Amino acid sequence: MGDQEAIRRFAMEATVEPEHISRARAHALEIGAAPISAPVGAQCAVLAAATGALNIVEIGTGGGVSALWLLHGAPRATLTTIDIEPEHLAVARQSFTEARIPPARARFITGRAADVLPRMNEASYDIVLVDADPDGVIDYVEHGLRLVRPGGMVLVPRVLAGGAVADPVRRDDVTRAYRSLIHETQSSPAVLGALSIVGEGLLQLTTAATA
């Protein structure tokens, strides 16, 4: 086992996932959803807490795991989650009920994010998490940066594509989409970005301050 793999395994084993999120993970896996890992979820919770998030948008429900991690860090926040799969939203609703999340703190929207996001208010959200179709990830991130308030964050898990983005030989559509996203956001003067390699990776973006 290489050093990087040992670090990843240690981070996974060292992360303590709250019981209600572990239950949600089990429900999500039962229906074939692919929830974010516990280490990435924990990072999202810390960022939600650090930003004092009160309004959160999630693109891609993943059975409710990522949403519960975000609300774990921001217990006063209201979260809107968008997914094209009704079953994923139904399982998320179940997990929210089991976690005793008040119904007023969650809004579940069934539909294509590309159709829903243009109708949402600009600069009105603290965090936008993008965990949906990789082919549309750049468009979703652009929407996310429009939706977040100054100092808000756009979070994108899975950007390492299982390590494929680091392999110059890999040219499949998913790898190219994530690689392009990383390069474009890192080189943009309008965005500050940081890439975490823990778990499946997490790209963290915020708008750059102006002088």
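Here the structure is a predicted model, which means the values were calculated and not measured. (Residues numbered from 1 in each chain as written. Predicted model: local features only at pLDDT ≥ 70, side-chain atom pairs only at ≥ 80, totals over all residues. Heavy atoms only, no water.)

## Things to note about the packing of helix α2 (residues 19–30) against helix α4 (residues 65–73)
Here is step 1: Two elements in contact, α2 and α4, have axes whose closest approach is 9 Å; the angle formed by their N-to-C orientations is 165°. Classified by the interaxial angle, the pair formed by α2 and α4 is roughly antiparallel. Seen from above, α2 lies across α4 with right-handed handedness. Where α2 approaches α4, its residues His20, Ile21, Ala24, Arg25 and Ala28 are matched on the opposing element by Val65, Leu68, Trp69 and His72.
Here is step 2: Class assignment for the residues of the contact of α2 with α4 results in 6 nonpolar, 2 polar and 1 charged. (Axes fitted to C-alpha atoms, helices over the stretch in contact; angles between N-to-C directions. Helix = DSSP H or I, 4+ residues; strand = E, 2+ residues; numbered from the N terminus. Parallel < 35°, antiparallel > 145°, perpendicular 65-115°, else oblique. Left-handed = near helix turned anticlockwise from the far one by under 90°. Contact = heavy atoms within 4.5 Å. Nonpolar A, V, L, I, M, F, W, Y, C, P; charged D, E, K, R; others polar.)

## Observations regarding the packing of aromatic side chains
Here is step 1: As enumerated under the stated definition, the model contains 1 aromatic pair in all.
Here is step 2: An angle of 75° between the planes, with centres 5.4 Å apart, marks the rings of Phe96 and Phe108 as edge-to-face. Note that Phe96 is positioned in helix α5 (residues 86–98) and Phe108 in strand β3 (residues 106–110), a separation of 12 residues in sequence.
Here is step 3: On the accessibility criterion, Phe96 (4% relative accessible area) is buried. (Phe/Tyr/Trp six-rings, centres within 6.5 Å; stacked < 30°, edge-to-face > 60°. Buried < 20%, exposed > 50% of the residue type's maximum accessible area, 1.4 Å probe, protein only.)

## Some remarks on the pairing of strand β2 (residues 78–83)
Here is step 1: With 5 of 6 residues buried, β2 lies mostly within the body of the structure.
Here is step 2: Relative to β2, strand β1 (residues 55–59) runs parallel, the two being bridged by 5 bridges. The residue bridging Ile59 from the neighbouring strand is Ile82, located in β2.
Here is step 3: What joins β1 to β2 is α4, and the crossover it makes is right-handed.
Here is step 4: As judged from the 5 bridges shared by β2 and β3, these two strands associate in the parallel manner. Each residue of the ladder has a partner; that of Asp83, found in β3, is Thr110. (Pairing = 2+ DSSP bridges. Right-handed = clockwise from strand over helix to strand, strands pointing away.)

## Brief notes about the side chain of Asp83
Here is step 1: On the secondary structure map, Asp83 appears in strand β2.
Here is step 2: Despite its burial, Asp83 remains without a salt bridge, the nearest opposite charge being carried by Arg158 at 9.4 Å.
Here is step 3: Within polar-contact distance, the side chain of Asp83 engages the backbone nitrogen of Glu85 at 2.8 Å.
Here is step 4: Ignoring any residue separated from it by four or fewer positions in sequence, one finds Asp83 in contact with Gly60, Thr61, Gly62, His88, Leu89, Ile109, Thr110 and Gly111. (Lys, Arg positive; Asp, Glu negative; His and termini not counted. Salt bridge = Lys/Arg side-chain N within 4 Å of Asp/Glu carboxyl O. Polar contact = N/O pair within 3.5 Å; in protein donor to acceptor, adjacent residues only side chain to side chain.)

## Details of the packing of helix α7 (residues 137–147) against helix α8 (residues 173–187)
Here is step 1: The N-to-C vectors of α7 and α8 enclose an angle of 35°; their axes lie 9 Å apart at closest approach. Contacts between α7 and α8 pair Val137, Ile138 and Val141 from the former with Ala177, Tyr178, Ser180, Leu181 and Glu184 from the latter.
Here is step 2: In terms of residue class, the contact of α7 with α8 is built from 6 nonpolar, 1 polar and 1 charged.

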